[in-house]
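So you can see what is in the structure, the chains are spelled out below.
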Amino acid sequence: SVLTVACEQTEVLLFDPISSEHIKTLSEAHEDCVNNIRFLDNRLFATCSDDTTIALWDLRKLNTKVCTLHGHTSWVKNIEFDTNTRLLVTSGFDGNVIIWDTNRCTEDGCPHKKFFHTRFLMRMRLMPDCSKMLISTSSGYLLILHDLDLNKSLEVGSYPILRARRTTSSSDMTSTSSSGPQAVGSSCHCNGSDPLSEKYMSRSSQREGASPRNSLEVLTPEVPGERDRGNCITSLQLHPKGWATLLRCSSNTDDQEWTCVYEFQEGAPVRPVSPRCSLRLTHCIEEANVGRGYIKELCFSPDGRMISSPHGYGIRLLGFDTQCNELVDCLPKEAGPLQEIRSLYSHKDVVLTTKFSPTHCQIASGCLSGRVSLYQPKF
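Just so it is clear, the structure is predicted and the values come from calculations on it, not from any experiment. (Residues numbered from 1 in each chain as written. Predicted model: local features only at pLDDT ≥ 70, side-chain atom pairs only at ≥ 80, totals over all residues. Heavy atoms only, no water.)

### Topic: the overall build of the protein chain
Logical step 1: Along the protein chain, the regular secondary structure elements total 1 helix and 28 strands.
Logical step 2: Each of the 379 residues in the protein chain was classed as buried or not, and the buried ones make up 55%.
Logical step 3: Here the protein chain displays about 16500 Å² of accessible surface, and carbon together with sulfur accounts for 47% of that area. (Helix = DSSP H or I, 4+ residues; strand = E, 2+ residues; numbered from the N terminus. Buried < 20%, exposed > 50% of the residue type's maximum accessible area, 1.4 Å probe, protein only. Areas by Shrake-Rupley, 256 points an atom, 1.4 Å probe, with all protein chains shown as cover.)

Shown next as structure tokens:
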């Protein structure tokens, strides 16, 4: 019932998505750029900012914040929420993932703890059932915390690295470079002969392939055309049914962009020293690469059958096939192209973000100059 828009210049805009009526502008929601907004229920929402804070708001009383949360030391870029435990999870460019207990919120803030840390952190997402946490980095790595327990404090050395490898590699484990993500208390410099990694793998295999709580997997997802050049994972989304992850990747030289879908592969490792990789590239498509240096946020439709992707001065609606069938019915043996269903162009500047309505046949997009467009596509 409300469309909220995070703006570069300290503002948050609220619209009625059906009538397109402008409801309110929170002109000084933060002291710096507003980066992300997350609804906690039908009235409370959280915003995060480059001013290093998170703010909680109540739709019934927008003149003042419910509270401001302090804990990050750099730009806060991502907000997730576990509806079962009502734990707020945030991440920022300080490399920290912090958990906030909204059950014990006061005007002075919420109790919080640092849950995880890695260098070059870009985006963090929780699976719909909160069974996994995914973290992408600007150095092209994807980190997966399996069998997630947000209540467990991740102290030094408290989580093993399951494997560090390229998603389609046939080798046992691929060595990660010194520029890769560094998790607190864990070494990511693993290879097949590393006794540390063998110890962790044998410990996992002793439980018949089951991962210990909060076990860490480090992957370098395959991106078409980028085998030898490296890439930056700028945008990260999850399929609403938890079947796949959606990445927007750009080359290190910023001359190519790709949207890629990776299927989650569950099950026990094939053998202890060569575990089954959790992700497999199934679909991809090259993007327009307009507006270099800016992050383009894409999204799944509520049913997971379509992807809305910023494409130059508009958006593209992409499907796994031309009939918009479910991902599970369109899994190729080898990675195939995403199918363009429809293109929508109404902006005069580079589109940076797009979002489906969870309840209506409606899509919103926002561009660099601040224009917001609403679409009701017909097929």
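### What to know about the pairing of strand 8 (residues 76-82)
Logical step 1: Burial analysis of strand 8 places 7 of its 7 residues in the buried class, the great majority of the element.
Logical step 2: Bridging between strand 8 and strand 9 (residues 87-92) involves 6 bridges; their strand directions are antiparallel. Within the sheet, the bridge partner assigned to Glu 80 lies in strand 9 and is Val 89.
Logical step 3: Counting the residues in the hairpin turn of strand 8 and strand 9 gives 4 residues, including Arg 86, whose phi is positive at 55 degrees. (Pairing = 2+ DSSP bridges.)

### As for the UniProt feature "repeat: WD" (unreviewed entry) in the protein chain
Logical step 1: Within this numbering scheme, the UniProt entry marks residues 27-60 and 69-101 as carrying the feature "repeat: WD" (unreviewed entry).
Logical step 2: Structurally, residues 27-60 is divided into 0% helix and 53% strand, and its ends, taken at the C-alpha atoms, are 17 Å apart.
Logical step 3: Helix makes up 0% of residues 69-101 and strand 64%, with an end-to-end C-alpha separation of 11 Å. (UniProt positions renumbered as here; feature names shortened; annotations may be inferred.)

### Side note on the pattern of salt bridges
Logical step 1: In the structure shown here, the tally under the stated rule is 18 salt bridges.
Logical step 2: A salt bridge links Lys 241 to Glu 326; its shortest N-O distance comes to 3.0 Å. Linking Lys 241 in the loop between strand 17 (231-238) and strand 18 (244-251) with Glu 326 in the loop between strand 23 (314-319) and strand 24 (336-337), this pair joins segments that are 85 residues apart in sequence.
Logical step 3: Residue classification places Lys 241 among the partly exposed positions, given a relative accessible area of 43%. (Salt bridge = Lys/Arg side-chain N within 4 Å of Asp/Glu carboxyl O.)

### Comments concerning a nonpolar patch on the surface
Logical step 1: A surface patch of nonpolar side chains, about 290 Å² in accessible area, is lined by Val 290, Tyr 313 and Tyr 345.
Logical step 2: Residue placement: Tyr 345 occurs in strand 25 (residues 339-345).
Logical step 3: On the basis of relative accessible area, Tyr 345 is assigned to the partly exposed category, the value being 48%. (Patch = residues over 30% accessible without salt bridge, like charges linked within 9 Å, V, L, I, M, F, W, Y side chains within 5 Å.)

### Points about the sheet that holds strand 10 (residues 96-101)
Logical step 1: Overall, antiparallel pairing links the 4 strands, which are arranged 8-9-10-11 in an open sheet. Each having just a single partner strand, strand 8 and strand 11 (112-117) make up the two edges of the open sheet. Adjacent strand axes in the sheet meet at a mean angle of 25 degrees when their direction is disregarded.
Logical step 2: Examined bridge by bridge, strand 10 and strand 11 share 5 bridges and lie antiparallel to one another. By the bridge assignment, Val 97 is partnered in strand 11 with Phe 116. (Axes fitted to C-alpha atoms, helices over the stretch in contact; angles between N-to-C directions.)

### Considerations on the sheet that holds strand 24
Logical step 1: Across the sheet, 5 strands lie side by side as 17-18-19-20-24; this open sheet has mixed pairing. A strand with exactly one partner marks an edge of an open sheet, and here the two such strands are strand 17 and strand 24.
Logical step 2: In this structure, strand 20 (residues 279-286) lies alongside strand 24, joined through 2 bridges in parallel fashion. Residue pairing across strands places Cys 284 opposite Pro 337, the latter belonging to strand 24.

### Describing the packing of aromatic side chains
Logical step 1: Inspection of every chain in the model, using the stated rule, returns 3 aromatic pairs.
Logical step 2: Relative to Phe 45, the ring of Phe 39 lies with its centre 5.4 Å away and its plane at 45 degrees, an arrangement referred to as tilted.
Logical step 3: According to the relative accessible area criterion, Phe 39 is partly exposed, its value standing at 30%.
Logical step 4: With centroids separated by 6.0 Å and ring planes inclined at 35 degrees, the aromatic side chains of Trp 75 and Phe 93 adopt a geometry described as tilted. Residue Trp 75 is located in the loop between strand 7 (67-70) and strand 8, and its partner Phe 93 is located in the loop between strand 9 and strand 10; the two are separated by 18 residues in the primary sequence.
Logical step 5: According to the relative accessible area criterion, Trp 75 is partly exposed, its value standing at 40%.
Logical step 6: Through a chain of ring-to-ring contacts, the aromatic side chains of Phe 39, Phe 45 and Trp 57 assemble into a single cluster. (Phe/Tyr/Trp six-rings, centres within 6.5 Å; stacked < 30°, edge-to-face > 60°.)

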